[in-house]
Each structure stands twice: as structure tokens, then as C-alpha cells.
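# A closer look at the structure
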Amino acid sequence: MEPIIQLRNLEKSVEAGPNRFFLLRRVNLDIQPAEFVTIMGPSGAGKSTLLSIIGMLDGAWTGEYYFNTEPVHRLNVKKRNELHKANIGFVFQSYHLIDNLTVFENLEVPLSYKNVPHKERVSRVCDALDRFNIVGKKDLFPNQLSGGQQQLVGVARAVIMNPKLILADEPTGNLHSAQGDEIMQLFKRLNDAGTTIIQVTHSERNASYGHRIIQLKDGWVVGETATADVGANAAQPG
Amino acid sequence: MLTIWQDLRYAARMLGKYPGFTAVAVLTLALGIGANTAIFTVVYGVLLRPLPFPEPDRIVQLAEAYQGQSDEMDLTSNQLDHLCEYGQPFEHIAGYTDVGFNLATANEAEHIRGMPVSAEYFQVLGVRPALGRGFLREEDHGDGEHVAVLSHGLWIRRFGGDPGAVGRKVLMDGEAYTVIGVMPQGFDPRASSELNPGVRAEVWVPLALVAKTAGSGENIPVIARLRPGVTPAQLQSQMDVVTQDFRVRYPGDVTKETVMSFRPYQAMIGSEMRPFLLILLGAIGFVLLIACANVANLLLAKSGSRGREIAVRLALGASRCQLVRQLITESILMALAGGALGLALASAGMGSLLAMAPSTLPRVGDIRLDARIFAFTFAVSLLTGVLFGLAPAIYATRTNLSETLKEGEGRASAGGRRSRLRKGLVAAEFALSLVLLTGAGLMIATFAKLLSTDPGFDPRHVLTMQFWLTGSKYDSTRAIMNLYRAVEQRIEALPGVKNVGIVAAGLPLERGGRKGFAIAGAKEPEGINANYREITPGYFAAIGVPLELGRRFTEGDSATSHPVVIVNESFARRYFDGRYPIGEHVYENGLLSEIIGVVGDVKTYLDKPAEPTVFVPASQALYATSKLFEGWFPRSIVVETSGDPLTLGQPVREAVTAVDPLVAPGAIRSMDQVLTHSLALRSFMMFLLSLFGGLALFLAGVGIYGVIAYAVSQRTREIGVRMAMGAQPGQVLTMVLGEGLKLVLTGLLFGVAAALMLMRLLEGLVYGVGMHDPLVFISVNLVMLFVALVACYVPARRAARVDPLVALRYE
Ligand SMILES: Nc1ncnc2c1ncn2[C@@H]1O[C@H](COP(=O)(O)OP(=O)(O)O)[C@@H](O)[C@H]1O
Ligand SMILES: [Mg+2]
């Protein structure tokens, strides 16, 4: 089976005065469908940058990027946006729910940009509310929810379009560990159902939910580990 | 005191810290306050400024009115005589009227306006002559003495300011008057004549000279100076006694329905202009409100960014009241700066404003910027400062301490209320603008309608020159005809002249003479009141009025041939209703005159149907009638030219002088100018309402731009999220435009409702379009929508260009 994501010599740099400052350097990466990958690394390593590129929010880079064999590096902005819209869901560290929309309306947002008819929208939102156990919260505003609940909505919003790929940038960074576990279990279930997931996290515990860890440092991929080992290590009484 | 000083210093520092913000706010306020100051200066000068006479509130005007109606009628000279006998409430009482005089020297003549006044006229106003004396009771008796009081200007012109002028003679209308006094410089009784608005009197003569003549004796405004302490109630009860008395004495004039009443003299002056001036003041008040809303919006936006400062101050123990005071001080300081700049704008614009004003605007000399206007501007500025500053100050200080001090959080609730207020303000701006623009739209539609209204003649290529013959050697119809012929011959000989005619008793589009006629052989020979004009044979050709039936006057229609008249279509339609009018007869001056022709209708007022008119050949006119009408309406030479009529002004003037230098000339105008002049009030109102509407729309546009741009800047993150969720730039653009549009439509909805109610105020001005004309309403709404879309498009495009990467980076 073809990888869902193939990165070849991907580089991103910014001008820094007279110099060129590399945020990502010669990144080569294959991610298979239904994989659950964790990206780890110190702050400033380029994790978010990499996620934005994979998520097609950022188009300013060099190298090759194939999404489902589609050469993203050759697509114009419009095509890239369409690809992104059709396949990718985002989960953010600070949830990024829209303040003045209710939970229900927040979930509706991605659907509204895909011309989903009203009836289907409602049924899909209701479905998601059900699946994530937040039916009771549907008329509340984000500031009336706890952080964990907000992130639950954030995840629900990311999956409401049934994306092939979910990108989560430190999704539990603002949550207590119990709340974090809940989100991770959610990811696990989604992954088991076939969704590819790439997450950034600082927590080994979260990483243990995935299959593979990619280590990033100063824009370089510096290592890869299968989490079976990590998980085993973590499980071993020290 | 110390704290106010501190507040002020701190406020000044804060304003200096945000120079861009301060500049925009001060400029906006300067526009609003400046325009208000300018209009108020006019309103104050025309309607409110105390008249420049001692104790002006003791001067009243007496009048006869139908019970319960405000239309006042002037009195007759007999009534005035009897009013003088009811001494108690009046210290002085006087009547006045208005006439023209020809003032002749050996080799030229000048037409001036004069006021025949009764003896105590100057005492009523409380102004003594600067030189000599006023009138004595004896001089205003019987047929009246030939004595005159001159205006300062006339004295300088005729006597070079010689104090020895008193006792000398002036020749007016061919009669010698002894100068008995000269009024002080600037003396102006303010009440200009209804027929010659804007023209100042330059000479005063005893009323008795004209009181017994036909016409003048019937229309005498009476003013009185009340004794000190006389209350309106006392005066009214006295007037009731007078009413009773007059009903017995003048059963014909003072009937059961009429009562004697009085009004402050000041209220009588400019009363015709009052509704229009008040409309303008109201309209410009709207503009100021819009300016306030804009500045309030700026402040609300800024208070968002000052939330932390305010929270810290509150945490340090400032009371909310103190903070509100501090913030209000800032806004008042800003308003005062705007007021000062506005005052400068107003004084700079005053000249152009007055230049545009119709000549019928009275008391123009009383329109000036002075301490009272400064006080007004100061008060308006203070009020404005509080008006736009209060709500933002209250909102700014209503922060939730713990939330604001916690970074980032808590923007939801207070910010939400604030943004609702901001949106409400902008919607209100659009509502107010819509009302103004609808008014402007109705005026523009009216104007277009009037300009496309056929006046009944072709005003292009027609020159007119007024002249007066009163008191000259032309004291018979034959003498006048000889002059007419000589003048017409000379003008005909000028190059570029196609046709020449002369008309007496009124040009088209201007007030003219009316007179009684009777139709010969009518079943009920009721008296008809119709327009009356004396013309020479060339008149219709010169002014371009078509002959519909019969023939025009010719040289053959002379003093000795049988009397003939021409009537206009309205006359024929109204009084001959289907019958063939040619060959019928009307009684005119006791003569039976044959109708020999029917001409097309010519309008006296563009917005009214033409009035029935009878044209009499100048050669057959009765001299007395001719002279009577000349007291009010000048005669006019009418010249049709092949090129620009105004280039012939000087040659025509010289042609008249060449025939007789003692003919007093008046205005030389093209008929296009006469037409424009007849539209002066409407064009003034149209121009100002359009200007105010435009200003309002501009401010409202800036307002919605500000609100949407601010909202976009506040929502960068949200827009980034939406884009990460799949929103395309076009969809973001539509979303932002849609939000702007929602506000605007709300405003327009309220605006339309308000406009439907308020347009009634323009009733007297609007012509040819309905008050609720759908075309005007739709066009105004479309224009406003367009402006709103343009204003929203800029921030909307910025929103569409938000880079989700940048927007979402703040983690
Ligand atoms: N657009 C940009 N311009 C300049 N520097 C950037 C830009 N985006 C990110 N960076 C820098 O690149 C580095 C990597 O950033 P990021 O990918 O956010 O790191 P991480 O998510 O791993 O903490 C950081 O040093 C950051 O400051
Ligand atoms: Mg990061």
C-alpha cells in the first residue's frame, strides 16, 4: 500500500537578516494509512512548522510532498486548499473554538464550508455530539466549558468531515492528565477505525498511544522509534 | 479643583499618546460641530438674535387674523388711526408700508425703496435719527407733508455726508421732499418688504402720503412698543376689546371670524424662512449625532486596548466614578479641540454659505459669529463630549477585574456587550444618514422636476431690464408709449437683437399685478380676479410665448382704436369653458374690451399651475392702473437675442439712457437668471441637504469601516481557525461583508421608517414627487448599500488574506 504521506527533502527556511534560517532541513518521511505517529522534540524544533506543512496551511517550502500520491508541491493554492479541505482535520493546543458560537454551531463550521445541505449537517453534528458524549453541551458557549470539554469539541470538530488525516498540535498541552487520557483514547479509537493521526506532544505517556515517534531537533529529523519499545519501557517497573 | 486639573493634564497626555486616534476623532468632531455652528449662526441671526433696538422684546406686531388660524392680515390705515387711540398698553404705535421712489438729479435717475411710516415709527423701534429729527404728528396728517428721513447710505451718496443736508430738498418721483433727518449708520428695521425681500429701505416719508391711495392704504403692518410691564395677557385682553370695537366700527373688515392679535416683532421677521431653517438645523444635528457615534465607536475600540490600564487602576483603589470622570475629561477635551477647529471651519465657510442663501433670507446682516455663537459652540462641544464619551467610559470601567488581569481570558462577555453597542451605533448612523439622504433625494427629485417643467416660454437667449417711470415726466399713457417706442426702436437696431417688447406689472416667474375683471354676458357676472399685464406688440415674440388663437397686438391697437385684450389659455379654459373666446368681451376698467387672441400659459411659480391672465396693450392701459402697479412691480424690457443675452446688457442699458437718462434702471438679467432666482430657496435647501446627506454618508461609511475593521482585527484568530477548517478566502470575504451588510440593513430599515414619518416636514418644498416616492427611497437605499459595501470591502479583503499560520501561531 502507498504511504498516505511522503516527504522528500522537504526544507523550509526564512530570511533572518542577511542569512537564511532553516526551520526544517532535508526532512524525509513516509507515513502509512491508519498510522498513529507522534512528533516529539524540544520547543522550537520545528514540530508545528512541519505539521502546518503537512496540513497544507503553509505552502512556502521546497522539496516534494505527496499526499496519497498527489504531488502537493506541484499544486496551486486552490487545489491545495481543496485537498486540505477534503482530507485533513486539525486539533489545536488552545482548542481554537469560536467564542461566540455554541458547541453545536462550532461543529457546524467545517460542514458549512463544504456546502453540506442543512439537513445532513444537522444529522452529522448530532451524530458527533452523540459519539463524543456532549449532547448536553450543544447549546453552551466555549467559555462555559472546561478545557477538557472544549478539546473534546475540538476533536469532534476535526473529525466531523471524516478526514483521512488528523493533525493535532499538542492537543493535551493545556489539559490535566486525566482529561488528556480521554482525548488520547479518543484518538486511539479513531485510529483503530482507520484514521491516520499525527500528533505533536511532549508527553511520553501520550506518545505511547501511537505507533511511532519521530524526533525533531533544530529542524532535522534526528531519530525514529517504534512505540512498542517506549511503551514497554514505560511499562517496565524501573 | 486640583483633581480636575490633574484629570485635564492626564487627559491631554493620553490624547497626545495616540496622535492618530486623536486626530481622526477631533477632525470628525470638527466637521460635525463646525457645520452645526455655521447653520446655527444663520438660524440665530435670522430668528433668534435680539433685534438691535432698545428693549426689543417690547416691540410687537399687531394683526388681524381669522380665529384659530396663523395667517395674519395687515390692517388698514383707518384701523391704525383708531388703534392709536387705545393708548394704555402702547407707549408708541406705528404703521408702515413699502413703496418705490425714483430719485432724480439733473442727469440721472435711481430707483430706491422707501417706507412711508406713521409718525411714531422710529420711537416704536427706539432709534433716533443721527442727524435732524423724526416725523412730527402734524407731518403725518391729512395728505401728508413732503418731508423725508434718509438712510445713512443715501445721505452719503446724495449729500456726500454733509451735515447741512437737513433742510435741503430731494426730488423723489418728481416731487420735492425736505430732508428732516438722517438715520444712524446700519439702521435697518429688518422687516423687508414682502415684494422686494432683501432690499433695504433708504428713505422714510410720512404714511399719510400714501395711506389714502388705493392699494397701499389697505395693507399696513402695525408695530407697537409696549409700555414697560405690560404682560401678554394684559395686551391680549386689550386686543379683545379692540376686536369688539372694530367689529362695530368696521363690520366689513372685522367680521365675526376675525380677531385682533399680536406677535413679538422678532417672531414676525423671517417667519417664512423659519421652517426651512429649522429643517436645516435638525438635519445638521443628525450629522453631529453621527459624528458622535463615530467617535464613541473609536473610543469603544480603544477602551478594549486600555482594559488592562483601567483594571490596574481599579485594583489600585480608584473608584469607578473617578475613572469615568477621567475618561469623560478626555472626551470633553477632545470635543473642545474639535469645537475650536469647528469654529474655525464655520467662520471660513460662512461666506460661501451666505453667498448661496436665497435673497429672501432676512436679517443677513445679523448673521455673524460672535460671543453668543462661541458660547453655543462651547456648549455643544461640552455636550458632545459627554454624549460620545459617557457610554464608552461606562463600558470601559465595567471590566471584570480578575478576568482582565488574567492574560487573554475574559474577552467574551464585556467585549460582546461592547461590540453590540458598537454595532448598534453604526446601525443608528445609517438610519440617520438615510433620513438625511432621503430628504436630499426628494429635493433633488423636486429640483429635476422643476427644471424639466415647462415655464411656458423659452428662457434661453432672453435678456430683461427693469426700469421705473414713477414721478418722471411720463405722466400719461401717451407719454409712456412714446418712450416705449423710442426705446424699442433703438434696441431693435442693436446687432444680435431678434425681438423686443416691454411688459409692465410683472415678468414671468415673478410676482405681478392682479386685478378685477368681469366677463361680459356671463350668466352670473361675478368679479374675476386675474393676473394683469400691460405689454407692447413685440412682447410675446421676445419672450417666446406662442399664440394659440386669434392675433397678437399690433401698432394698430392704439389709444383711439377699440379696446382689445389677449388672454392666456388658463383664462380661456376657466371662463369660456369650451366656448370660442375670440370675439367675446371682458369688462376692464369699465371698458368693454374684445378678446382678440389667446396665448400659451406662462407660469408665475414653476410648481403651481399657470394663473388666468389678461394682457392689455400698453397703448390702451389706464395710466392710473399702470402707475399703481409700478409702485410694486418694475416695468421690464424683454429682448430676444441671437447669442448670449448678457452680452447685450450694457448696450440695452445705454439705449435706454440715450433715449432718456432720467429713466431709473433696475436689474439687468437673463430670463435664465430669473428662472434660477425663482428656484433659489429650493436649490439652497437641496444643496445643503445633499451636502449634509453626503457628509452623513461619509461619516457612516467611515463608521462601518471602523467597526468591521476592528472586528476583523479582533477576530484574526477565529478567521484563521475557519480557514484551517476549510474556509476559502471568498467565503471569509462573504462572511465579513455579510456581517457589515446585516448592520447596514438594520440601520436602513429603521431609517426608512423614520424617513417615512419625517419627510412630511419637507411638504412645502417638495414638488412633482410623492413624499414617499419609491424611486427616491430605492435609489437612496442603493447608494447607501453601495457605500457600505465599499467600506466593508476593505476590511473584508484583509480578512480574506489572513494567513491561518500567522493567526494560529500564538499558542
Ligand atoms: N514564519 C516564521 N518566521 C520566522 N521564524 C519562525 C517562523 N515560524 C516559526 N519560526 C521559528 O521557527 C522555529 C520553529 O518553530 P515551531 O515550528 O513553532 O517550533 P515548535 O512547534 O517545535 O516549538 C522557532 O524558533 C520559531 O520561532
Ligand atoms: Mg509548536
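Residues numbered from 1 in each chain as written. Chains lettered and ligands numbered in written order. Predicted model: local features only at pLDDT ≥ 70, side-chain atom pairs only at ≥ 80, totals over all residues. Heavy atoms only, no water.

As a further point, take the overall build of chain B. Scanning chain B for helices and strands turns up 25 helices and 23 strands. Principal axes of the C-alpha set define a box for chain B whose edges measure 110 × 60 × 55 Å. A burial count over chain B gives 54% of its 811 residues as buried. A separation threshold of at least 6 residues defines the contact pool for chain B, and within that pool the share at least 24 residues apart is 82%. For chain B, the exposed area adds up to about 34,600 Å²; of that, 60% sits on carbon and sulfur atoms. Computed over 73 positive and 71 negative side-chain charges, the separation of the two mean positions in chain B equals 13 Å. (Helix = DSSP H or I, 4+ residues; strand = E, 2+ residues; numbered from the N terminus. Buried < 20%, exposed > 50% of the residue type's maximum accessible area, 1.4 Å probe, protein only. Contact = heavy atoms within 4.5 Å. Areas by Shrake-Rupley, 256 points an atom, 1.4 Å probe, with all protein chains shown as cover. Lys, Arg positive; Asp, Glu negative; His and termini not counted. Charge placed at Lys NZ, Arg CZ, Asp CG, Glu CD.)

For chain B, mean pLDDT is 88; residues scoring 70 or higher make up 94% of the total. This prediction of the complex comes with two scores: 0.83 for pTM and 0.83 for ipTM. (pLDDT = per-residue confidence, 0-100.)

Per-residue pLDDT for chain A has a mean of 89; in total, 95% of the residues score no lower than 70. Low confidence marks residues 229–238 of chain A, where pLDDT is under 50. Its contacts with residues over four positions away, or in another chain, come to 3 contacts.

This paragraph deals with the sheet that holds strand β6 (residues 88–91) of chain A. What links the strands of a sheet is backbone hydrogen bonding, and the strands pair in either a parallel or an antiparallel sense. Residue and element names in this part refer to chain A. On the basis of which strands lie adjacent, the open sheet formed by 6 strands has the order β6-β7-β8-β3-β9-β10 and mixed pairing. Of all the strands in the sheet, just β6 and β10 (220–226) have a single pairing partner and so form its edges. For this sheet, the mean inter-axis angle between neighbouring strands, taken without regard to orientation, is 20°. Contacts from helix α2 (residues 77–87) reach β6 and β7 (165–169), with the element oriented near 70° to β6. Relative to the sheet, helix α5 (residues 147–159) contacts β6 and β7, its axis offset from that of β6 by approximately 170°. (Pairing = 2+ DSSP bridges. Axes fitted to C-alpha atoms, helices over the stretch in contact; angles between N-to-C directions.)

Right, let's get into the nonpolar core. One broad rule of soluble globular proteins: the nonpolar side chains tend to lie buried together. Counting residues in hydrophobic clusters, the biggest one holds 144 residues, and the most contacted among them are Ile5(A), Tyr65(A) and Phe67(A). Top element by residues in this core is helix α21 (residues 680–714) of chain B. It accounts for 15 residues. Within the second largest apolar cluster, 41 residues are counted, among which are Ile93(B), Leu150(B), Ala224(B) and Leu235(B). (Core = buried A, V, L, I, M, F, W, Y, C linked by side-chain atoms within 4.5 Å.)

Residue and element names in this part refer to chain A. A sheet is described by the order of its strands in space; here 4 strands give the open sequence β2-β1-β4-β5, paired in antiparallel fashion. Of all the strands in the sheet, the pair left with one neighbour each is β2 (19–31) and β5 (70–71). Where strand β1 (residues 5–16) meets β2, 9 bridges bridge the pair, whose relative direction is antiparallel. Looking at the pairing, Ala 16 lines up with Asn 19 of β2. Its contacts with the sheet put helix α1 (residues 47–54) on β1, β2 and β4 (62–67), and the angle it makes with β1 is roughly 120°.

Right, let's talk about the pattern of salt bridges for a bit. Under the criterion given, the structure shown has 39 salt bridges over all chains. Across the pair Glu15(A) and Arg20(A) runs a salt bridge, and its minimum N-O distance is 2.9 Å. When the shortest N-O distance is used, the salt bridge between Arg325(B) and Asp7(B) registers 2.9 Å. Note that Arg325(B) is positioned in helix α11 (residues 320–356) and Asp7(B) in helix α1 (residues 2–17), a separation of 318 residues in sequence. Overall, the relative accessible area of 9% leaves Asp7(B) in the buried class. (Salt bridge = Lys/Arg side-chain N within 4 Å of Asp/Glu carboxyl O.)

When cut into domains, chain B gives domain 1 (56–268) and domain 2 (470–662). Taken over C-alpha atoms, the centre of domain 1 of chain B sits 33 Å from the centre of domain 2 of chain B. (Domains from an automatic or database assignment.)

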